Amino acid sequence: MTDIHRKSPGPSPFPELQDHGLRLTVWDPESEEQLDAWFRGLTDPDFGRWNTPLKIVHDRAEARQSLRSKAVGAAKGTNASFRITDTASGTTLGHIGVNEIDHVLSVARVGYWVLPEARGRGVATRALAVAAHWALTDLGLHRLELGHALGHEASCRIAERCGFRYEGTLRGAMFESGRQDAFRDAHLHGRIASDPEPDLS
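Right, let's walk through the structure included here. (Residues numbered from 1 in each chain as written. Predicted model: local features only at pLDDT ≥ 70, side-chain atom pairs only at ≥ 80, totals over all residues. Heavy atoms only, no water.)

A count of helical and extended segments in the chain gives 5 helices and 8 strands. Going from N to C terminus, the chain has its helices and strands arranged as β-β-α-α-α-β-β-β-α-β-α-β-β. With the principal axes as the frame, the chain shows a C-alpha extent of 45 × 40 × 35 Å. When contacts within the chain are restricted to residue pairs at least 6 apart in sequence, long-range pairs at least 24 apart make up 59% of them. Of the accessible surface of the chain, which amounts to about 10100 Å², a share of 51% is contributed by carbon and sulfur atoms. The distance from the centre of the 24 positive side-chain charges to the centre of the 27 negative ones in the chain is 1 Å. (Helix = DSSP H or I, 4+ residues; strand = E, 2+ residues; numbered from the N terminus. Contact = heavy atoms within 4.5 Å. Areas by Shrake-Rupley, 256 points an atom, 1.4 Å probe, with all protein chains shown as cover. Lys, Arg positive; Asp, Glu negative; His and termini not counted. Charge placed at Lys NZ, Arg CZ, Asp CG, Glu CD.)

Spelled out as structure tokens, the structure:
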């Protein structure tokens, strides 16, 4: 990592990050364009297949409330939610979050998604590399965890390429797709601050 630029975007206590052709910046819940991207991301069938949010978004009003809750988490310092954009064009490509930040145990959990039109371009891999580097250096965390549903091979490859080692299978650790009354297994990946930086070249 050699070219991470930082500035404070609006009220968020977290910085803007830039590297690997991406800019990670704060979401604006009042921007209709950003709201549209957020809503499309959370209602995409592939997102619904692999992700199990506690509150499922059905319409734009719920999507805006979801975005506003991310801003509240950022203000409290417990969640850093970044809009993944293309550095050159500014186009929104997806989302990555450093969530459940615990400064006592020095750990957080990472999650991300990429819009359908941006897939197949290494966006998730590059965004995860940028966010993880920041969290394990500037943010001062010791450990990051990344979990995904069993069978999500793309997430497995992304995690391992970004230095998140496979640490085991957690039984019944996630809701089944579209349900909150049944559970499925998940893979756990972890990376600690002393692990080597991944080579994305």
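Next comes the rest of the write-up.
Attention shifts here to helix α1 (residues 32-43). For α1, spanning 12 residues, the distance from its first C-alpha to its last is 16 Å, which sits close to the expected 16 Å at 1.5 Å a residue. Within the sequence span of α1, burial applies to Gln-34, Leu-35, Ala-37, Trp-38, Phe-39, Gly-41 and Leu-42. Its buried side turned inward, α1 meets β2 (22-26), α2 (45-50), α3 (60-76), β3 (80-86), β4 (92-102) and β5 (107-114). (Expected span 1.5 Å × (residues − 1). Buried < 20%, exposed > 50% of the residue type's maximum accessible area, 1.4 Å probe, protein only.)

Evaluated as defined, the whole model comprises 7 aromatic pairs. With 6.3 Å between their ring centres and 40 degrees between their planes, Trp-27 and Trp-113 make a pair best called tilted. Linking Trp-27 in the loop between β2 and α1 with Trp-113 in strand β5, this pair joins segments that are 86 residues apart in sequence. Judged by centre distance (5.5 Å) and plane angle (90 degrees), the rings of Phe-82 and Trp-134 are edge-to-face. In this pair, Phe-82 sits in strand β3 while Trp-134 sits in helix α4 (residues 123-136), placing the two residues 52 residues apart along the sequence. (Phe/Tyr/Trp six-rings, centres within 6.5 Å; stacked < 30°, edge-to-face > 60°.)

Summed over the entire model, instances satisfying the criterion amount to 16 salt bridges. Residue Arg-143 is joined to Glu-167 by a salt bridge in which the shortest nitrogen-to-oxygen separation is 2.6 Å. Of this pair, Arg-143 sits in strand β6 (residues 143-149) while Glu-167 sits in strand β7 (residues 165-175), and the two are 24 residues apart along the sequence. It is possible to trace a salt-bridge network through shared partners that takes in Glu-30, Glu-32, Asp-36, Arg-40, Arg-60, Arg-64, Arg-68 and Glu-117. (Salt bridge = Lys/Arg side-chain N within 4 Å of Asp/Glu carboxyl O.)

Bringing the pairing of β5 into the picture now. On any regular strand, side chains alternate: one points to one face of the sheet, the next to the other face. Summarising burial for β5: 6 of the 8 residues are buried, a large majority. Pairing geometry for β4 and β5, over 7 bridges, is antiparallel. Following the sheet pairing, Asn-99 is matched in β5 by Arg-109. Hairpin connection from β4 to β5: 4 residues lie between these consecutive antiparallel strands, with Ser-106 at a positive phi of about 60 degrees. The pairing of β5 with β6 spans 3 bridges and is parallel. (Pairing = 2+ DSSP bridges.)

Below, the discussion takes up the sheet that holds β7. Reading across from one edge, β1-β2-β3-β4-β5-β6-β8-β7 is the order of the 8 strands in this open sheet, with mixed pairing throughout. The open sheet has two edge strands, β1 (17-19) and β7, and neither has a second partner. Going from strand to strand, the sheet's axes swing by 25 degrees on average, the running direction of each strand aside. Running over the sheet, α1 touches β2, β3, β4 and β5 and is turned about 95 degrees from β5. (Axes fitted to C-alpha atoms, helices over the stretch in contact; angles between N-to-C directions.)

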